[in-house]
Amino acid sequence: MSYKAALRVWRGDDGQGELADYTVEVNDGEVVLDVLHRLQATQAGDLAIRWNCKAGKCGSCSMEINGRPGLACMTRMSTFEPAETLTITPLRTFPVIRDLVTDVSFNYAKAREIPSFTPDPSIGLGEFRMQQVDVQRSQEFRKCIECYLCQNTCHVIRDHPENEREFAGPRFLMRIAELEMHPADEADRREIAQDDFGLGLCNITKCCTEVCPENIKITDNALIPLKERVVGRKYDPLTWLGSKIGRRPQHDTPAVPARKA
Amino acid sequence: MAMTDIERLPYDVVVIGAGGSGLRAAIEARQAGKKTAIISKSLFGKAHTVMAEGGCAASMGNANPNDNWQVHFRDTMRGGKFLNNWRMAELHAKEAPDRVWELEAWGALFDRTKEGKISQRNFGGHEYPRLAHVGDRTGLEIIRTLQQRVVALQQQDAVEHGDPEAMIKVFAETTVTRLILDAGRIAGAFGYVRGTGQFLLFEAPAVVLATGGIGKSYKVTSNSWEYTGDGHALALLAGASLLNMEFVQLHPTGMIWPPSVKGILVTESVRGDGGVLRNSEGKRFMFNYVPDVFRAQYAETEDEADRWYTDPDHNRRPPELLPRDEVARSINSEVKAGRGTEHGGVFLDIASRRPADYILQRLPSMYHQFKELADVDITKEPMEIGPTCHYVMGGVEVDPDTQAASVPGLYAAGEVSGGMHGSNRLGGNSLSDLLVFGRRAGQAASEHVDSVSGARPAVGQAALDEAVTEALAPLERSGGENPYEVHAALQQLMTDQVGLIRNEGELQSALSELEKLRARVAQVSVEGGRAYNPGWHLAQDLRNMMLVSDCVAQSALERQESRGGHTREDYPEMSPTWRQVNLVCTVRGEDQVALARQPMIPMRGDLLGLFEVNELKKYLTEGELAGVSAGSAAAPEETR
C-alpha cells in the first residue's frame, strides 16, 4: 500500500533557513530515511542528509522527527498516521551545517579530553584474563553507536551552550564509567569526572536513556554508579588519610588538554 | 572562497578510508613517526566496518587447542577455491592472533571463555571455532577500539607537541577524487570537504587506499553509500591494476522483507550458533547441495549435523555452514525450483532450535533489527532471508608482503585490495584481513617515505587544474541527467545482468548497456552549490562505480568457469586450468578498461604440503599435481 505523505523539512544553513513543504510517496514498511531519500532523488537533489548504514548500526542519521530525537533509519513510517504532517528538523543542540546535517565536532573534542584506556604495561599480547561477568558492564556501554541523541537531548546542554565547556554530556560520562569499570584499566578518573567533565550537573532525569536507540541504561548503569564511585572516593576516610600521609596520590589522572593555548 | 581555491596540506602518509584497515594503517604510520592524514567520507567512527557482525577470525586456539595457523590457512584457501594469493593467506593466518590480542591491549572487550580468554565462535568454512566476537557487533567494537587508539596517540601528541593533531589528523567527511603523480610516482591526493566544498590537496609521497568495496553498484546490497569503489577507481586512474574483479560475494542471508530493508545483513552467526535454513516445505535443503570438494567435511544427516555443535571432534559440520558462495547459490536454486517463501527467499530458523534467552544473548542486534524493522520476533518465528551483495574479493593488485600497488608510493589494504580471499571470502576473515594488512600497509608506506626523503615528488599545476575541472563539471552543466536516476539505472543493470548467476549473453548486453550509461554519466548535472550537496557528491562517485562495474562485467565475461563468487550458468564447472589464471584490469585514457590474463604464481611447496594430495586433485591440473610430491618434500620455510 502506498500513500502521499506531507513533509515539512528544514532547509538552510546555520545563518538562516525555513521549513519547506513537500509531498512524497510512502510505501509499505518504509522508514523516514527511505522517504527522505525519495525526496532527494525526485524533488530536492541537494537536500543534505547524513546517513551511512541504514541499519541502526552507525548512528549517523540522527535528527528530530516531529520534535522527537531519533534515527531516521529506525523510525518507521507506520508509527505515524498517513494524514499526519511530518516535521523533520536537524538536531537542536548542535550548529547546523546545512539542512538536516549538524556540526557534531563538540563530541569529538570531548572524547579527546578523557584519559584513554590504561592497562598494566607488563601484560603481554594474549595474556589478559577477564571474566565475562566482569567485562559485561563495560560492554553494555560499548554498544554505543555515537549517534549523539543523548547529547542532543540532555537538558544540561540543550538550549544551554554556556554549559558545553564544563559538561561532557551523557555519552562521555558513560565513556568514563566504561573505562572505570573496565577490568584491566588502572587509571582513576573519578575526580575529573566530577571536576572537569561535569558529572555533578547531571540530575538523573533519564532523558538520555529514553532516547538511546541501543537501549543502553545510561543513567542507571553508568551515570548513577559513577556518581557513587565519585562520592566513595571523595569521602572515603582511607583515601583521605592516604593523601595526608602521601601514600595515595591526591589527584587522579588529569584530563587531557584540548589544545595548548 | 573562490571557486578554485585549494588548501595545500603536507603529509608523509595519507590514508584514504577510516574503516578497520585505514585506521590500522594510520596507527602504524604514526607509530613509525610519520605525519599521517586519515581521510574519511563519513564522520570518524562510522565507516562500514561498524556493520561487521559475526567476528574476527584468528587461530588463537582458545576454544579448540587443535587450531593453529596452518588449519586457518587451509580453510582460507578452500574457501577461496585455491585462487587466493597464497602468500597473503599465509601471512594473514600467521599474524591474525597478534592483531586481535593487540586490540585487547588498546581496550577492546571481546566476549570471554570460562578461563577468561577471548571467546571464539563457529562460522562457515572454519574448521574450529575461531571468531573473536562481541555478541553480534564485533565490527563496532573493532572500529571503536581503533578510533580510541587514534585518540590515545593524539593525546600523546598533545602532551609532546602541544597539538593533538600534530602527527595524526582525521579529515572527516572529506572525499578524494584524484591521486596525483609525479613522473609515475605518488605525489598527492586531491579532494574536497563535503561540508563546505572546499578543495584540498594532500601533498604526500605515500598513499594507502583503504576505501572498502563496491556494493553500491548493486541494487540489493548490505553495503552503505560509501561503497562506491573509490579506491578501486583511484588506483586504476593512477595506473595501477585490479585483480580478479569478477568475484563478488553475495552473502546468503540478507533481509528481504519489507522492501525498504531488502539487503540488510543477517549475520552468519545465526547459523554458527545453531540456526538452520529451511524451504517453504520446512525441509533443511542444504544437505542436497554439498559439493564434491567439501563432501568429506560436512554432515550427511540432520542427526550428525546437530551432534556437531556439542561434539565437533566426532561429527561433521552442518551444511548450513558451507562457505557463503555455496549457500547463496543453494538458496537461489531452491527459490527457482518454487520452494521459496512468499517474498522470494527461504527461512532462517533459530527460534525452534535455541531457547529465547540464548538467542538474545548471542544475537542481540539481530533480535533488535528484525523486531524494529520487520515486526518479526526471531526468538519465536523464522526469518525470511535471501542473498545480498556483500563483498568484493577482487581489488587492487598488491605485493603480498607490503600491500604495494604497481605505482610507487601507492598501497592498498582491506576490501579494496585483491588476492587474499581468492574467489570467495570466508566470514570472519575480513576483520582479520583489515588488521593484518592495514598494519603491513602502514609499515611499508612509512618505509617508502624514508626512501624518498630529500627528493619528494611534487604536484604539477596541470594535474591539479584537471582535477578541479573534473570535480566542478556536474555543477556547471544544467538541465542534464539526474545523478540519482543514473545511479538507480546502474544498480538495476548490475543486479539483473552481472549478479549471482551469469551468462555470456547477459554479460555482453550489460557491457553495451554500460556504454550507454557512460554517456548519461557524462551529462549529469546537479542543482545547488558546493556546501554539503549530496547530488554533487553522488555525481563524483558515479565515475568510480562505472569504472568498477565495467571491470566486473568484463572479467565476468572473460572467465569461462564457475568458482566462488563467480557463477556462469553456461560454464558451470570449476576448471583447474582457469585456476592458473588471474584476470587483471587496467585503464587506458580516462575510461577504457583493458583486460589481460596473467599466470597465477605456483604455491610454495611447504604450503602445498599442508594439504592431502586427494584434496589438491580437486583443484590442481595434472601438470601441477606432478610437481606436488617433489614440492612437498622441500624443506618447510620459516614458521613464525
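None of these values were measured; they are calculated from a predicted model. (Residues numbered from 1 in each chain as written. Chains lettered and ligands numbered in written order. Predicted model: local features only at pLDDT ≥ 70, side-chain atom pairs only at ≥ 80, totals over all residues. Heavy atoms only, no water.)

### Re the sheet that holds strand 4 (residues 68-71) of chain A
All names here are of chain A. The strand order across the open sheet formed by five strands is 2-1-5-3-4, and the pairing between neighbours is mixed. Each having just a single partner strand, strand 2 (17-26) and strand 4 make up the two edges of the open sheet. Direction aside, the axes of adjacent strands within the sheet are offset by 35° on average. Two elements, strand 1 (residues 3-12) and strand 2, share ten bridges in a ladder whose sense is antiparallel. By the bridge assignment, W10 is partnered in strand 2 with L19. (Pairing = 2+ DSSP bridges. Helix = DSSP H or I, 4+ residues; strand = E, 2+ residues; numbered from the N terminus. Axes fitted to C-alpha atoms, helices over the stretch in contact; angles between N-to-C directions.)

### Re the pairing of strand 11 (residues 206-209) of chain B
When a strand is regular, its side chains alternate between the sheet's two faces. All names here are of chain B. By the alternation rule, side chains of strand 11 split into A206 and V208 and V207 and L209, which are all buried. Sheet analysis places strand 2 (residues 13-16) next to strand 11, joined by four bridges and oriented parallel. Its bridge partner lying in strand 11, V13 is registered against A206. Where strand 11 lies against strand 18 (residues 410-412), three bridges are found, and the strand directions are parallel. Of the residues in strand 18, the one forming a bridge with V207 is L410. (Buried < 20%, exposed > 50% of the residue type's maximum accessible area, 1.4 Å probe, protein only.)

### Here we look at unusual backbone geometry
Residue and element names in this part refer to chain B. Between W257 and P258 the backbone carries a cis peptide bond, its omega angle lying at -5°. Mapping P258 onto the fold places it in the loop between strand 13 (248-255) and helix 6 (269-272). The phi torsion at F82 lies on the positive side, around 65°, for a residue other than glycine. Within the element layout of this structure, F82 appears in the loop between helix 2 (69-79) and helix 3 (86-105). When its relative accessible area of 1% is taken as the criterion, F82 is described as buried. Phi is positive for A183, which is not a glycine, with a value near 50°. Note that A183 resides in the loop between strand 8 (174-182) and strand 9 (185-193).

### Some remarks on the interface of chain A and chain B
Taken together, the contact between chain A and chain B spans 67 residues of the former and 67 residues of the latter. Summing both sides of the interface, chain A and chain B together bury roughly 5,400 Å²; the carbon and sulfur share of this comes to 52%. On the chain A side of the interface with chain B, the three residues burying the most area are K57, R112 and R142 of chain A, jointly 14% of the side's total. Summed over the shared surface of chain A and chain B, the result is six salt bridges. Two residues, K57 of chain A and E53 of chain B, come together in a salt bridge whose shortest N-O distance is 3.3 Å. At the boundary of chain A with chain B, the tally comes to 45 residue pairs in polar contact (both at pLDDT 80 or more). Those elements that place two or more of their residues in the side of chain A that touches chain B are helix 1 (32-42), strand 6 (96-98), helix 2 (105-113), helix 3 (132-142) and helix 5 (170-181) of chain A. Per-element accounting of the side of chain A that touches chain B gives the leading share, five residues, to helix 3 of chain A. Its residues assigned to classes, the side of chain A that touches chain B comprises 33 nonpolar, 15 polar and 19 charged. (Contact = heavy atoms within 4.5 Å. Buried area = accessible area lost by both parts, 1.4 Å probe. Salt bridge = Lys/Arg side-chain N within 4 Å of Asp/Glu carboxyl O. Polar contact = N/O pair within 3.5 Å; in protein donor to acceptor, adjacent residues only side chain to side chain. Nonpolar A, V, L, I, M, F, W, Y, C, P; charged D, E, K, R; others polar.)

### Section: the domain arrangement of chain A
Residues and elements named next belong to chain A. By the assigned domains, chain A splits into domain 1 (3-102) and domain 2 (105-244). If you average the C-alpha positions of domain 1 and of domain 2, the two centres end up 31 Å apart. On the domain 2 side, the residues contacting the 14 residues of domain 1 number 17 residues. Both sides of the domain 1 and domain 2 interface together cover about 1,200 Å² of buried area, and 51% of this is carbon and sulfur. It is R92, T93 and F94 in domain 1 that bury the most area against domain 2; as a group they hold 44% of the surface buried on that side. Across the contact surface, domain 1 and domain 2 share two salt bridges. (Domains from an automatic or database assignment.)

### Focus on the nonpolar core
Ranked by size, the top nonpolar core spans 255 residues in total, and within it L7 and L36 of chain A together with L209 of chain B carry the most contacts. Both domain 1 (3-102) and domain 2 (105-244) of chain A contribute no fewer than three residues apiece to this core. Apart from residues no more than four positions distant in its own chain, L36 of chain A is found in contact with L7, V9, L47, I49, M63, I88 and L100 of chain A. Listed in part, the five residues of the second largest apolar core include L83, F247, M393 and M600 of chain B. (Core = buried A, V, L, I, M, F, W, Y, C linked by side-chain atoms within 4.5 Å.)

### Description of helix 4 (residues 138-161) of chain B
In this model, helix 4 of chain B (24 residues) spans 34 Å end to end at C-alpha, consistent with the 34 Å of a helix rising 1.5 Å per residue. Directly beyond the C-terminal end of helix 4 of chain B, a positive phi value near 75° is found at G162 of chain B. (Expected span 1.5 Å × (residues − 1).)

### Considerations on the packing of helix 12 (residues 461-476) of chain B against helix 15 (residues 534-558) of chain B
Residues and elements named next belong to chain B. Here helix 12 crosses helix 15 at 125°, and the two axes come no closer than 9 Å. In terms of orientation, helix 12 and helix 15 fall into the oblique class. Crossing of helix 12 over helix 15 shows right-handed handedness. Of helix 15, the residues touching helix 12 (which contributes E470, A471, P474 and L475) are W536, A539, Q540 and R543. In the contact of helix 12 with helix 15, the residues fall into five nonpolar, one polar and two charged. (Parallel < 35°, antiparallel > 145°, perpendicular 65-115°, else oblique. Left-handed = near helix turned anticlockwise from the far one by under 90°.)

### So, the packing of aromatic side chains
Summed over the entire model, instances satisfying the criterion amount to 15 aromatic pairs over all chains. Aromatic pair F94 of chain A and F106 of chain A: ring centres 6.3 Å apart, planes at 35°, arrangement tilted. Of this pair, F94 of chain A sits in the loop between strand 5 (85-89) and strand 6 while F106 of chain A sits in helix 2, and the two are twelve residues apart along the sequence. Ring centres of F285 of chain B and Y289 of chain B lie 6.2 Å apart, and the angle between their planes is 85°; this geometry places the pair in the edge-to-face category. Owing to a relative accessible area of 23%, Y289 of chain B belongs among the partly exposed residues under this scheme. An aromatic cluster is present here, built from W69, F73, F82, F611 and Y619 of chain B joined pairwise through their rings. Taking NZ or CZ as reference, K94 of chain B lies 4.6 Å from the ring centre of W69 of chain B, over its face. R425 of chain B extends its terminal NZ or CZ atom over the ring of Y391 of chain B, reaching a point 4.0 Å from the ring centre. (Phe/Tyr/Trp six-rings, centres within 6.5 Å; stacked < 30°, edge-to-face > 60°. Lys NZ or Arg CZ within 6 Å of the ring centre and 35° of its normal.)

### Regarding the pattern of salt bridges
Tallied over the entire structure, the rule returns 75 salt bridges over all chains. Note that E30 of chain A is salt-bridged to R38 of chain A, the shortest N-O span being 2.6 Å. Between E326 of chain B and K81 of chain B there is a salt bridge, and its shortest N-O distance comes to 2.6 Å. A residue pair is termed long-range when its members are at least 10 positions apart, and E326 of chain B in helix 8 (residues 324-336) and K81 of chain B in the loop between helix 2 and helix 3 qualify at 245 residues. In terms of burial, E326 of chain B and K81 of chain B fall into one category: buried. A single salt-bridge network, built from bridges that share partners, covers R24, E28, E95, R99, E102, R439 and R440 of chain B.

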